[in-house]
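Observations on chain architecture
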Amino acid sequence: MSANESWITTHCIGFIETSSIAKGIEATDAMLKMADVELLLTAIIPRGKYLIMIGGNVADVESSLRAGLGVAAGTVLDHFIIQNVHPELPPAIKGRTKVDRVEAIGIIETKEVASAIYAADAAVKSAAIKLIEARNQPGGKGLVVLTGEVGAVRTAVAAGVASIRKEGMLIAEVVIPYAHAGLVRSLTG
């Protein structure tokens, strides 16, 4: 099974974002040794942060995440577990996804990547929208871009923002009804 296929069949993902590359790598090792999980993503991002995403059944992901949090301790910026991952989330994390039609654009910008990915899952589960992307941006920020009918985009952005747990993590939330074609090309190309 390829990495892309495993993302689709993974029912639960766990995510840790650390402020230390070295501690992130050490935490990754502890997580993989703790339980039967699959390493879905690791990445070094600007400002020396490290992202770890694992997948598997709920019990294994929970156990693995606890091990990683214990090792990474004081360097953890954010973490989460998502059960029943929406199928649009993994492709949006990997890069921009193509959409056939754009009516409204919704954007959620966060200080850290983990919060954006968690918000994207909440957004796509709340309304009939399409995720364009949910990933890290230059400077280590998180960004969610989504599209759909204006009302659905408003609902999705509100649900995504409501899911952000940490105070001060949200930088901006925007809904652009009937986005200009030039803007659409720049966001979806």
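Bear in mind that the values here come from a model prediction, so they are computed numbers and not experimental data.

**Quick notes on the nonpolar core**
- Leu 89, Ile 129, Leu 131 and Leu 146 are the most contacted members of the largest nonpolar core, which totals 37 residues.
- No other element matches helix 5 (residues 113-126), which puts eight residues into this core.
- When residues no more than four places from it in sequence are discounted, the contact partners of Leu 146 are Ala 104, Ile 105, Gly 106, Ala 123, Ile 129, Lys 130, Leu 131, Ile 132, Val 153, Ala 156 and Val 157.
- Among the nonpolar cores identified, the runner-up in size contains twelve residues, and Ile 16, Ala 35, Val 37 and Tyr 50 belong to it.

**What about the pattern of salt bridges?**
- Inspection of every chain in the model, using the stated rule, returns nine salt bridges.
- Among the salt bridges present, the one from Lys 49 reaches Glu 17, with a minimum N-O distance of 3.0 Å. With Lys 49 in strand 3 (residues 49-56) and Glu 17 in strand 1 (residues 12-18), this pair connects stretches of sequence that are 32 residues apart. Residues Lys 49 and Glu 17 agree in their burial class; the two are buried.
- Between Lys 130 and Glu 88 there is a salt bridge; the shortest N-O distance is 3.5 Å. Of this pair, Lys 130 sits in strand 6 (residues 129-136) while Glu 88 is found in the loop between strand 4 (76-83) and helix 4 (89-94), placing the two residues 42 residues apart along the sequence.
- For Lys 130, a relative accessible area of 42% gives the class partly exposed.
- For Glu 88, a relative accessible area of 19% puts it in the buried group.
- A network of salt bridges, in which partner residues are shared, links Glu 17, Lys 49 and Glu 112.

**Brief notes about the side chain of Thr 28**
- Relative to the assigned elements, Thr 28 resides in helix 2 (residues 21-34).
- For Thr 28, a relative accessible area of 7% corresponds to the buried category.
- Side-chain polar atoms of Thr 28 contact the backbone oxygen of Gly 24, separated by 2.8 Å.
- Once residues lying within four places of it in the same chain are set aside, the contact partners of Thr 28 are Leu 39, Thr 42, Tyr 50 and Ile 52.

**Points about helix 2**
- Helix length check: helix 2 (14 residues) gives 20 Å between terminal C-alpha atoms against 20 Å at 1.5 Å per residue, within 8%.
- All buried positions along helix 2 are accounted for by Gly 24, Ala 27, Thr 28, Ala 30 and Met 31.
- Its side-chain oxygen at 3.4 Å from the backbone nitrogen of Ala 22, Ser 20 defines the N-terminal cap of helix 2.

**With respect to the environment of Leu 65**
- Position of Leu 65 relative to the elements: it lies in helix 3 (residues 58-72).
- When the C-alpha atoms of Leu 65 and Gly 95 are compared, they prove to be 24 Å apart, with 30 residues separating the residues in sequence.

**Overview of the confidence of the model for the protein chain**
- In this model, the protein chain carries a mean pLDDT of 88, and residues with pLDDT of at least 70 account for 94%.
- Low pLDDT, under 50, characterises residues 1-8; the stretch is placed with eleven contacts to residues that sit more than four places away or in other chains.

**A few points about empty space enclosed by the protein**
- For the coordinates displayed, the defined rule picks out one cavity of 30 Å³ or more.
- Estimated volume of the largest cavity: approximately 40 Å³.
- In terms of lining residues, the largest cavity is bounded by Asp 78, His 79, Phe 80, Ala 114, Ser 115, Tyr 118, Ser 163, Ile 164 and Arg 165.
- Sorting the residues of the lining of the largest cavity by element identifies strand 4 and helix 5 as the ones contributing at least two each.
- Grouping the amino acids of the lining of the largest cavity by side-chain chemistry returns four nonpolar, three polar and two charged.

Quick notes on the rules
Residues numbered from 1 in each chain as written. Predicted model: local features only at pLDDT ≥ 70, side-chain atom pairs only at ≥ 80, totals over all residues. Heavy atoms only, no water. Core = buried A, V, L, I, M, F, W, Y, C linked by side-chain atoms within 4.5 Å. Buried < 20%, exposed > 50% of the residue type's maximum accessible area, 1.4 Å probe, protein only. Helix = DSSP H or I, 4+ residues; strand = E, 2+ residues; numbered from the N terminus. Contact = heavy atoms within 4.5 Å. Salt bridge = Lys/Arg side-chain N within 4 Å of Asp/Glu carboxyl O. Polar contact = N/O pair within 3.5 Å; in protein donor to acceptor, adjacent residues only side chain to side chain. Expected span 1.5 Å × (residues − 1). pLDDT = per-residue confidence, 0-100. 1 Å grid on protein atoms, 1.4 Å probe; cavity = no way out; pocket = protein on both sides within 12 Å on 5 of 7 lines; lining within 4 Å. Points joined across faces, edges and corners; volume = space filled by probe spheres on them. Nonpolar A, V, L, I, M, F, W, Y, C, P; charged D, E, K, R; others polar.

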